[in-house]
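# Descriptive structure summary
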Amino acid sequence: MIIFHTGAAIIAVYVLAAVLPAALLMRYIYRQDRVEREPPLLLASLVGCGVLSALASIVLEGIAGRLLYILVSDRGKVYTILLAFLVVGAVEEGTKLLLLKWRTWRHPQFNYRFDGVVYAVFVSLGFAAYENIQYVFSYGMSVALPRALLAVPAHMGFAVFMGAFYGRARQCETWGDDVGKKVNLWVGYLLAVFLHGFYDSCAMIGSRLSTLLFVAFVIAMYVIVIRMIRREARTDHPV
């Protein structure tokens with residue numbers, strides 16, 4: 001019985017360490033939505049969509065990664081960059097966007113532009129929380145703090161860019177601007193892929209230069225993202 005309780009406590013600590021960073025960031029973005037906050041059940045379903053996108057990404061990245069391995073013989077930096085952008089970034093941000101759009105595009109609560117940021121962040125942090133659980137249980141508590149400071153906020157950062165344009169795309173549809181809708185959806189997606197791919201490329205290459213670029217990129221992205229969140233919340237507008 002003591003062994004069982006000890007094991008359960010360890011599992012609980014691991015899960016908490018993995019999930020808490022995402023939960024805190026969800027709370028932060030939720031509190032920025034000052035005009036009309038979103039229903040908890042909708043937000044919980046978006047976290048679930050994030051988990052589903054993580055599961056779908058595992059399968060799709062396996063397929064895309066195998067194709068890239070066949071097509072690109074050199075296993076150097078070019079291969080790593082292609083893997084980061086065309087496999088990891090494109091697939092993960094793509095599954096997030098598809099499930100985000102499926103769950104929220106026609107939802108009656110999607111009535112303000114900043115809602116797009118909130119929805120995208122909750123999907124992305126659901127993804128990050130699930131991914132974090134995998135990492136913590138695979139590699140132990142030593143990865144919990146670095147991922148809490150880097151990987152989880154990075155997922156939020158990618159989502160803020162995607163969500164800002166997602167909200168604008170919804171507004172364009174309301175105005176009958178089909179071209180604007182498509183452009184904003186694609187710009188949001190491609191920006192998220194670029195940021196994700198650049199982040200992963202620098203992290204995976206691991207050279208001195210890439211490490212310096214990684215640090216500079218992370219700091220710059222965090223500053224820009226916080227400013228974007230505040231600006232988007234301050235200038236929120238009905239769609």
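These numbers were taken from a predicted model, which means no experiment stands behind them. (Residues numbered from 1 in each chain as written. Predicted model: local features only at pLDDT ≥ 70, side-chain atom pairs only at ≥ 80, totals over all residues. Heavy atoms only, no water.)

## Considerations on the overall build of the protein chain
Looking only at helices and strands, the protein chain has 8 helices and 0 strands in total. Each helix and strand of the protein chain, ordered N terminal to C terminal, gives the series α-α-α-α-α-α-α-α. Relative to the 2.2 N^0.38 estimate, which gives 18 Å for 239 residues, the radius of gyration of the protein chain is 18 Å and therefore close to what a compact globule would have. Judged by the C-alpha coordinates and their principal axes, the protein chain covers about 55 × 55 × 30 Å. Within the protein chain, residue pairs in contact and separated by at least 24 positions form 81% of the contacts whose partners lie at least 6 positions apart. By element, 71% of the accessible surface of the protein chain is carried by carbon and sulfur atoms, the whole surface being about 12,300 Å². When the 22 positive and 15 negative side-chain charges of the protein chain are each reduced to one mean point, those points stand 5 Å apart. (Helix = DSSP H or I, 4+ residues; strand = E, 2+ residues; numbered from the N terminus. Rg over C-alpha atoms; globule rule 2.2 N^0.38 Å. Contact = heavy atoms within 4.5 Å. Areas by Shrake-Rupley, 256 points an atom, 1.4 Å probe, with all protein chains shown as cover. Lys, Arg positive; Asp, Glu negative; His and termini not counted. Charge placed at Lys NZ, Arg CZ, Asp CG, Glu CD.)

## A few points about helix 4 (residues 114-139)
Compared with an ideal rise of 1.5 Å per residue, which puts 26 residues at 38 Å, helix 4 spans 36 Å between its outermost C-alpha atoms and is within 8% of the ideal. A large share of helix 4 lies buried, amounting to 19 of its 26 residues. The positive-phi residue at the C-terminal boundary of helix 4 is Gly140, with phi of around 90 degrees. (Expected span 1.5 Å × (residues − 1). Buried < 20%, exposed > 50% of the residue type's maximum accessible area, 1.4 Å probe, protein only.)

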